[in-house]
Amino acid sequence: MTINLDPQHLTPASSAPSVDLCHALSVDVEDYFQVSAFEGRVSRKTWETYECRVEANTDRMLSLFDQCQVRGTFFILGWVAERYPGLVSRIAQSGHEIASHGYWHRLVYDLTPEQFASDIADSVEAIHNACGIRATAYRAPSFSIVERSLWALDILAEQGFTTDSSIFPISGHDRYGMPGAKKEIHTLPTAHGDLVEFPPTASKIGGLTVPIGGGYFRLFPRQLTSAAITQHERLNRPAMFYIHPWEIDPHQPRIQGAGAKSRFRHYVGLARTEQKLRRLLQTHRFATMEEAIGR
Ligand SMILES: [Zn+2]
């Protein structure tokens, strides 16, 4: 497919966004060996044996965000919070929002409701022990709240969560996506009260679906992500951008034996991502998820 990258085509200058509009900047704090793409190669029992790079990479991100004077929401893996409590404190002290990414990075639809309840409770405890904050926002590993795991929402609300960002309203990905789900911020009623859902977002550009963040941000030219965000600005609607600390680390150790698709998804564009991220943060207004929602 050919995409027109002429800036005039991508960024119509007509309508300016509301002065209050901020997009959500979100970081899923996990290490390079904990991702779902390598789940089949890296047993959780062996996580302790890998060289940990999450602390240094997240610190680099904190410094970049500081330089760009932007605050974001950090969905922290409980395993990371338990081992690097100082990192969690530094994230909180820098004014960012503290949120949960579960404890073991297990796909929600692979768990029983009991296992899920225990995984998120463990993550909340680890994060609280690290910084004294009780997380009330959650993002599922690999956006794994889909049609068959919607039961998870009841459990989130039961455990005191008020905001979720796990339901990706797209189709065509083998691990996630709920094509019929709402694309804008909305309220989800559960058996234990309402949850606000801020879905990860995508735009249609020239017939191509452009999700905003992660591997898509590394793969596509920065201007394409920027155009996808601009589309939301024209609708006066905040977008959700997501990224991981390992995505700015081109020197991370390579995982041996992973399949071609997983290797491509994980390693494409690593060398350029930090610079692209800096430019993106200078181009659009970002804030924490709570601020982007307007609370
Ligand atoms: Zn993750």
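For every chain, the first residue of the written sequence is number 1, and numbering continues from 1 along that sequence. Where local features are concerned, this predicted model is filtered to residues with pLDDT of at least 70; where side-chain atom pairs are given and counted, the filter is 80 or more; whole-chain, interface and lining totals use all residues. Think of the side-chain values as coming from all heavy atoms in the structure, minus any hydrogens and water.

**Concerning unusual backbone geometry**
Positive phi is not limited to glycine here, since Ser 142 has a value of about 50°. In this text, helices come from DSSP runs of H or I with a minimum length of four residues, and strands from runs of E with a minimum of two, each type numbered from the N-terminal end. Mapped onto the elements of the fold, Ser 142 is located in the loop between β4 (137–138) and α6 (152–158). One non-glycine residue, Phe 143, lies in the positive phi region at around 50°. Following the sequence through the fold, Phe 143 ends up in the loop between β4 and α6.

**Quick notes on the packing of aromatic side chains**
In this analysis, rings of Phe, Tyr and Trp, with Trp reduced to its six-membered ring, are considered paired at centre separations within 6.5 Å, and the interplanar angle assigns stacked below 30 degrees, edge-to-face beyond 60, and tilted for intermediate values. A complete count under the given rule lists 19 aromatic pairs for this structure. Look at Trp 47 and Trp 79: their rings are 5.4 Å apart centre to centre, the planes differ by 85°, and that puts the pair in the edge-to-face class. You can see Trp 47 sitting in the loop between β1 (23–29) and α2 (54–67) and its partner Trp 79 sitting in helix α3 (residues 78–83), a full 32 residues away along the chain. Three exposure classes are used, based on accessible area relative to the maximum for each residue type with a 1.4 Å probe and protein chains only: buried under 20%, partly exposed in between, and exposed over 50%. On the basis of relative accessibility, which here comes to 1%, the residue Trp 47 falls in the buried class. Overall, Trp 79 belongs to the buried group, its relative accessible area being 1%. Site record: aromatic cluster; members linked through ring pairs are Tyr 32, Phe 33, Trp 47, Tyr 50, Trp 79, Tyr 103 and Trp 104. Lying over the aromatic face of Phe 217, Lys 276 brings its terminal NZ or CZ to 5.3 Å of the ring centre. By the criterion adopted, a ring carries a charge over it if an Arg CZ or a Lys NZ lies within 6 Å of its centre and within 35 degrees of its normal.

**Focus on the environment of Thr 163**
Mapping Thr 163 onto the fold places it in strand β5 (residues 163–164). By relative accessible area, Thr 163 is classed as buried at 0%. For the pair formed by Thr 163 and Ala 137, sequence separation is 26 residues and the distance between their alpha carbons is 4.6 Å. Note on definitions: a residue-residue contact is assigned when non-hydrogen atoms from the two residues lie within 4.5 Å. In this structure Thr 163 touches Thr 136, Ala 137, Tyr 138, Leu 195, Val 196, Met 289, Glu 290, Ile 293 and Arg 295, once residues within four positions along its chain are discounted. At 3.2 Å, the side chain of Thr 163 and the side chain of Glu 290 are in polar contact. We call two N or O atoms a polar contact when they sit within 3.5 Å, provided that within protein one can donate a hydrogen and the other can accept it, with sequence-adjacent residues counted only if both atoms are side-chain atoms.

**Structural notes on the pairing of strand β7 (residues 193–197)**
Pairs of strands are assigned from DSSP output, requiring at least two bridges between the strands. Examined bridge by bridge, β5 and β7 share 2 bridges and lie parallel to one another. Bridge pairing in β7 links Asp 164 to Glu 197. Pairing analysis gives 5 bridges linking strand β6 (residues 186–190) to β7, with the strands arranged antiparallel. Among the inter-strand pairings, Leu 188 is bridged to a residue of β7, identified as Leu 195. Connecting β6 to the antiparallel partner β7 that follows it, the hairpin turn spans 2 residues.

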